[in-house]
Amino acid sequence: MKHLAEKIVIYQINQGIITNDEKENYIYAYFILMEQTINIFIAFSIGIITGNVIYVISFLISYIWLRTFGGGYHARTVQQCCISSIGIIILICVIKNHNFINEKLLDILLSMCNIIIFLLAPIESKNKLLNQKEKRRNHRNTIITLILEELVMICLMYLGKKEICLGIKTAILIFTVFLVIGKKINNTERDEKLWIQKIIRLGKE
């Protein structure tokens with residue numbers, strides 16, 4: 001997939017559409033676009049099979065919108081990403097179909113998610129590091145997105161669109177889980193780097 005993204009970008013450079021300085025940014029953008037397209041197609045298919053098309057669509061829109069600005073854990077390979085995405089969609093559809101969801105518990109968890117998102121977002125990944133300006137901007141955009149999604153959810157609840165509301169709630173919950181995992185991984189990797197630096201300094205002494 002990355003090879004295909006590179007081919008597209010090289011073609012655009014040769015045609016004078018983009019410059020060589022923009023090469024890496026465009027390769028990453030195309031790679032993410034292809035990855036998300038595959039994941040969306042698979043998720044939509046699962047939604048059709050399980051009879052949860054509206055639920056899955058509302059989940060995907062809310063989840064992707066939050067992830068765009070908030071980041072979080074990213075799988076190391078495309079294969080891992082596809083497997084985790086398929087697993088999540090199957091899991092939430094099974095839980096919904098078997099009525100394992102407790103509405104009151106979900107509302108309590110949603111309140112906790114709001115606090116966690118406000119404190120943690122955005123979480124950067126190795127593939128997409130952020131400077132301080134970008135972090136502030138993405139934090140603001142994540143919070144605005146969260147507020148807008150919850151306002152839409154409140155309006156839809158009054159209109160009786162429970163399935164769409166459930167999709168939005170589930171998206172916020174899963175997004176929060178990936179934020180926490182991403183934060184944990186980043187902290188672990190940072191601690192490992194610090195230990196390596198200490199060992200190297202001790203070796204020099």
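The structure this text deals with has already been given above.
What you see is a predicted model; the values in this text were computed from it and never measured.

**Q** Looking at this structure, I do not really get the pattern of salt bridges. What am I missing?
**A** Any two side chains of opposite charge can pair, given that their charged atoms come close. Under the defined criterion, the tally for this structure stands at 2 salt bridges. The salt bridge involving Lys 96 is made with Glu 163; its shortest N-O contact spans 3.4 Å. Taken together, the residues Lys 96 in helix 4 (residues 78-97) and Glu 163 in helix 7 (residues 162-204) connect sequence positions 67 residues apart. For the salt bridge of Asp 107 with Lys 169, the shortest nitrogen-to-oxygen distance reads 2.8 Å. Linking Asp 107 in helix 5 (residues 103-120) with Lys 169 in helix 7, this pair joins segments that are 62 residues apart in sequence.

**Q** Sorry if this is basic, but what is going on with the packing of aromatic side chains here?
**A** The geometry of an aromatic ring pair is captured by two quantities: the separation of the ring centres and the angle between the planes. A full pass over the atoms with the stated rule returns 2 aromatic pairs. Taking 5.4 Å as the distance between ring centres and 10° as the angle between the ring planes, the aromatic pair formed by Phe 59 and Tyr 63 counts as stacked. Here Phe 59 pairs with Tyr 63, and both are found in helix 3 (residues 53-70), just 4 residues apart, close to one helical turn. Under the relative-accessibility criterion, Tyr 63 is labelled buried at 12%. Following the ring pairs from residue to residue traces out a cluster consisting of Phe 59, Tyr 63 and Phe 178. Positioned above the aromatic ring of Tyr 55, the side-chain terminus of Lys 96 is 5.6 Å from the ring centre.

**Q** I keep staring at the nonpolar core and nothing clicks. Help me out?
**A** Counting residues in hydrophobic clusters, the biggest one holds 31 residues, and the most contacted among them are Phe 59, Tyr 63, Ile 89, Ile 117 and Ile 172. Put simply, the parts of the chain that give this core at least two residues each are helix 2 (23-50), helix 3, helix 4, helix 5, helix 6 (132-158) and helix 7. Among the elements that make up this core, the one with the highest residue count is helix 7 (9 residues). With residues near it in sequence (within four places) discarded, Ile 89 still touches Ala 43, Ile 46, Val 56, Phe 59 and Leu 60. Among the nonpolar cores identified, the runner-up in size contains 6 residues, and Ala 5, Val 9, Ile 13 and Met 34 belong to it.

**Q** Teacher, can you tell me more about the environment of Met 34 here?
**A** Following the sequence through the fold, Met 34 ends up in helix 2. C-alpha of Met 34 to C-alpha of Leu 4: the two residues are 30 residues apart in sequence and 9.5 Å apart in space.

**Q** Would you explain the environment of Trp 65 in this entry?
**A** Within the fold, Trp 65 resides in helix 3. Sequence separation between Trp 65 and Asn 141 is 76 residues; the distance between their C-alpha atoms is 9.9 Å. Discounting residues that sit within four places of it in the chain, Trp 65 has contacts with Thr 145, Leu 148 and Glu 149.

Definitions and limits used
- Each chain has its residues counted from 1, running along the sequence as written.
- Local features are withheld for residues below a pLDDT of 70 in this predicted model, meaning they are given only at 70 or higher, and side-chain atom pairs are given and counted only at 80 or more; totals for whole chains, interfaces and linings count all residues.
- Neither water nor hydrogens contribute to the side-chain values; these are computed over all heavy atoms in the structure.
- Salt bridge, as used here: a side-chain nitrogen of Lys or Arg that lies within 4 Å of a carboxyl oxygen of Asp or Glu.
- Numbering goes from the N terminus for both helices and strands, where a helix is a DSSP run of H or I of at least four residues and a strand is a run of E of at least two.
- In this analysis, rings of Phe, Tyr and Trp, with Trp reduced to its six-membered ring, are considered paired at centre separations within 6.5 Å, and the interplanar angle assigns stacked below 30 degrees, edge-to-face beyond 60, and tilted for intermediate values.
- For every residue, the accessible area obtained with a 1.4 Å probe (protein chains only) is divided by the maximum for its type, and the residue is called buried under 20%, exposed over 50%, and partly exposed between those limits.
- Two conditions define a charge sitting above a ring: the NZ of Lys or the CZ of Arg must be within 6 Å of the ring centre, and it must be within 35 degrees of the ring normal.
- We define a nonpolar core as any set of buried Ala, Val, Leu, Ile, Met, Phe, Trp, Tyr and Cys residues linked to one another through side-chain atoms lying within 4.5 Å.
- For this analysis, residues touch if any pair of their heavy atoms sits within 4.5 Å.

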